[in-house]
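Here are the chains, one letter per residue:
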Amino acid sequence: MESAPRRATIVDVGRRAGVSAKTVSRVLNGEPHVSAAVQQRVRDAAEALHYHPNMLARALVRQRSMLLGLVYENPSASYVVELQRGMLTRLANGPYRLVVFPIASIIERSGEVAGLLRSAGLDGVVLAPPAADDLRILNDLAAAGIRCARIGPSRGIELAPSNLVDDITAAREVAAHVIALGHRQVGIIKGLASHAASEARAMGYSQAFFAAGVPMRLDLVEQGDFTQESGHAAAHRLLARPDAPTAILAQNDDMAVGALLAARERGLTVPDDLTLAGFDDSEISRVCWPPLTTVRQPVFDMAVEATDMVIAQLEGRKATARQDHAHQLLVRASSAPPRPAGVG
């Protein structure tokens with residue numbers, strides 16, 4: 001039986017590049033005062049030898065795990081992918097690695113989260129909603145000495161570095177767009193009540209109706225949970241009504257796509273028979289047909305910035321305390337004026 005090939009070491013890389021092992025270490029750790037030419041020789045040598053730094057050894061030397069966590073509950077696959085993509089982009093070519101911690105119910109397990117992260121040996125963590133709003137988790141992380149940054153918190157902004165987007169204004173704009181098209185029978189599919197964004201977006205919708213002098217039909221509000229399946233079921237309930245809505249506002253793109261499928265199953269055409277609008281500008285909103293009118297929430301950018309906030313704390317730099325991110329209403333082919341009565 002053949003033995004496994006010997007893995008290249010930092011000494012092998014130095015020998016091939018014509019430098020000391022210490023210089024190799026400095027280059028791979030991104031330390032200053034190494035010429036560009038030497039850096040390139042070291043990287044070329046490492047690539048040729050398929051050398052990868054031993055993360056455990058690095059952790060022992062630095063007395064850090066070099067692991068950053070992402071805690072999330074949101075069942076929307078599109079949202080989670082954008083979070084992970086943002087963090088991985090910021091961590092690329094650096095010493096830190098990402099560990100994801102999906103939690104089924106933050107409310108039920110908030111007292112366990114800090115212990116879970118501590119047992120994993122994390123140096124820092126990015127908290128996505130609703131963990132970003134959980135004061136128990138924030139206090140426990142502070143007591144455990146685990147650095148954190150938050151995405152989309154709605155309270156206690158001063159407690160930890162935070163990335164914010166104005167959900168109320170964003171939701172008001174997309175609802176105002178639908179109302180301006182002439183829709184008065186407007187259904188709403190809400191996300192999880194445990195997420196502060198759900199109520200913020202509902203408030204934005206109500207502000208748009210009030211500003212337009214249009215009654216908001218509370219009997220056309222259905223509960224979802226941010227998944228495509230929940231949007232599909234909620235839309236079927238709405239569209240089965242004798243006074244079915246001519247437009248549906250879904251609080252994220254996954255639920256809007258679920259509503260799109262429900263409309264097709266009922267023989268309806270979007271946007272001729274039904275206008276649909278989502279929220280997030282996730283990839284699914286751009287590749288479905290017709291592409292969704294939605295609000296761009298820069299989840300990727302927020303994840304990049306949150307990761308940088310954590311690293312700044314770990315490296316002794318001053319972390320940005322608060323970063324406000326702009327949203328953008330994106331009007332696409334899923335929204336149009338309602339079909340005139342008696343037509344179609």
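Because the structure is a prediction, the values reported are computed rather than measured. (Residues numbered from 1 in each chain as written. Predicted model: local features only at pLDDT ≥ 70, side-chain atom pairs only at ≥ 80, totals over all residues. Heavy atoms only, no water.)

Draft legend 1. Main features of the overall build of the protein chain. The helix and strand inventory of the protein chain stands at 13 helices and 12 strands. Looking at the 344 residues of the protein chain, the share that counts as buried comes to 49%. Put simply, of all contacts in the protein chain between residues at least 6 apart along the chain, 73% involve residues at least 24 apart. Roughly 16300 Å² of accessible area belongs to the protein chain as shown, and the carbon and sulfur atoms make up 54% of that amount. Averaging the positions of the 36 positive and the 36 negative side-chain charges in the protein chain gives two centres separated by 8 Å. (Helix = DSSP H or I, 4+ residues; strand = E, 2+ residues; numbered from the N terminus. Buried < 20%, exposed > 50% of the residue type's maximum accessible area, 1.4 Å probe, protein only. Contact = heavy atoms within 4.5 Å. Areas by Shrake-Rupley, 256 points an atom, 1.4 Å probe, with all protein chains shown as cover. Lys, Arg positive; Asp, Glu negative; His and termini not counted. Charge placed at Lys NZ, Arg CZ, Asp CG, Glu CD.)

Draft legend 2. Structural detail: the packing of aromatic side chains. This structure, assessed with the given rule, holds 0 aromatic pairs. Over the ring of F279 we find R201; its NZ or CZ atom is 3.8 Å from the centre of that ring. (Phe/Tyr/Trp six-rings, centres within 6.5 Å; stacked < 30°, edge-to-face > 60°. Lys NZ or Arg CZ within 6 Å of the ring centre and 35° of its normal.)

Draft legend 3. Focus on the nonpolar core. Within the largest apolar cluster, 23 residues are counted, with the highest numbers of intra-cluster contacts made by L68, L70, L83, Y96, V126, I151 and V310. Of all the secondary-structure elements, those providing two or more residues to this core are β1 (67–72), α5 (77–91), β4 (147–151) and α13 (299–314). No other element matches α13, which puts 8 residues into this core. Residues contacting V310, with those up to four places away along its chain left out, are L68, G124, V125, V126, R147, C148 and A149. Counting 21 residues, the second largest nonpolar core, distinct from the first, contains A256, A259, V270 and L274. (Core = buried A, V, L, I, M, F, W, Y, C linked by side-chain atoms within 4.5 Å.)

Draft legend 4. Structural detail: the side chain of S335. Locating S335 in the fold gives a position in the segment after β12 (328–330). By relative accessible area, which is 11% here, S335 ends up buried. Polar contacts involving the side chain of S335 include one to the side chain of H177, which spans 2.9 Å. Excluding anything up to four places from it in sequence, S335 contacts H177, L181, P271, T275, L276 and T293. (Polar contact = N/O pair within 3.5 Å; in protein donor to acceptor, adjacent residues only side chain to side chain.)

Draft legend 5. Highlighting the pattern of salt bridges. Applying the stated criterion across every chain yields a total of 19 salt bridges. The partner of R241 in a salt bridge is D219, with the nearest N and O atoms 2.8 Å apart. Of the two residues, R241 sits in the loop between α10 (228–239) and β8 (247–250) while D219 sits in the loop between α9 (196–212) and β7 (221–223), which places them 22 residues apart along the sequence. Two residues, D324 and R322, come together in a salt bridge whose shortest N-O distance is 3.0 Å. Via salt bridges that share partners, R217, D219, R241 and D243 belong to a single interconnected network. (Salt bridge = Lys/Arg side-chain N within 4 Å of Asp/Glu carboxyl O.)

Draft legend 6. Structural view of the packing of helix α2 (residues 21–28) against helix α3 (residues 36–48). Relative to each other, α2 and α3 sit at 95°, their axes nearing to 10 Å. Classified by the interaxial angle, the pair formed by α2 and α3 is roughly perpendicular. Of the residues in α3, those in contact with T23, V24, V27 and L28 of α2 are V38, Q39 and V42. The residue inventory of the contact of α2 with α3, partitioned by class, reads 5 nonpolar, 2 polar and no charged. (Axes fitted to C-alpha atoms, helices over the stretch in contact; angles between N-to-C directions. Parallel < 35°, antiparallel > 145°, perpendicular 65-115°, else oblique. Nonpolar A, V, L, I, M, F, W, Y, C, P; charged D, E, K, R; others polar.)

Draft legend 7. Inspection of the layout of surface pockets at higher detail. Taken as a whole, the second largest pocket encloses approximately 260 Å³ of empty space. Lining the second largest pocket are 15 residues; nearest its centre among them are P153, L164, V165, D166 and D167. Of the residues in the lining of the second largest pocket, the class split is 8 nonpolar, 3 polar and 4 charged. (1 Å grid on protein atoms, 1.4 Å probe; cavity = no way out; pocket = protein on both sides within 12 Å on 5 of 7 lines; lining within 4 Å. Points joined across faces, edges and corners; volume = space filled by probe spheres on them.)

Draft legend 8. Just the sheet that holds β8, in detail. Strand order in this open sheet of 4 strands is β7-β6-β8-β9, and the pairing throughout is parallel. Two strands lie at the open edges of the sheet, namely β7 and β9 (275–277), each paired on one side alone. Strand after strand, the sheet turns through a mean of 15° between neighbouring axes, direction not considered. With 3 bridges joining them, strand β6 (residues 186–190) and β7 adopt parallel strand pairing. The partner of I188 across the bridge, within β7, is V221. Helix α8 (residues 167–180) contacts β6, β8 and β9 of the sheet and is inclined by roughly 175° relative to β8. On top of the sheet, α9 reaches β6 and β8; it is set at about 165° to β6, its chief contact. (Pairing = 2+ DSSP bridges.)

Draft legend 9. Here's a closer look at the sheet that holds β4. The strand order β2-β1-β3-β4-β5-β11 describes an open sheet built from 6 strands, whose pairing is parallel. Each end of this open sheet is capped by a strand with a single partner; those strands are β2 (97–102) and β11 (322–325). On average, adjacent strands in this sheet sit at an angle of 20° to one another, irrespective of strand direction. In the sheet, strand β5 (residues 162–165) pairs with β11 via 4 bridges, with the strands oriented parallel. Within β11, the position partnered with N163 by the bridge is Q323.

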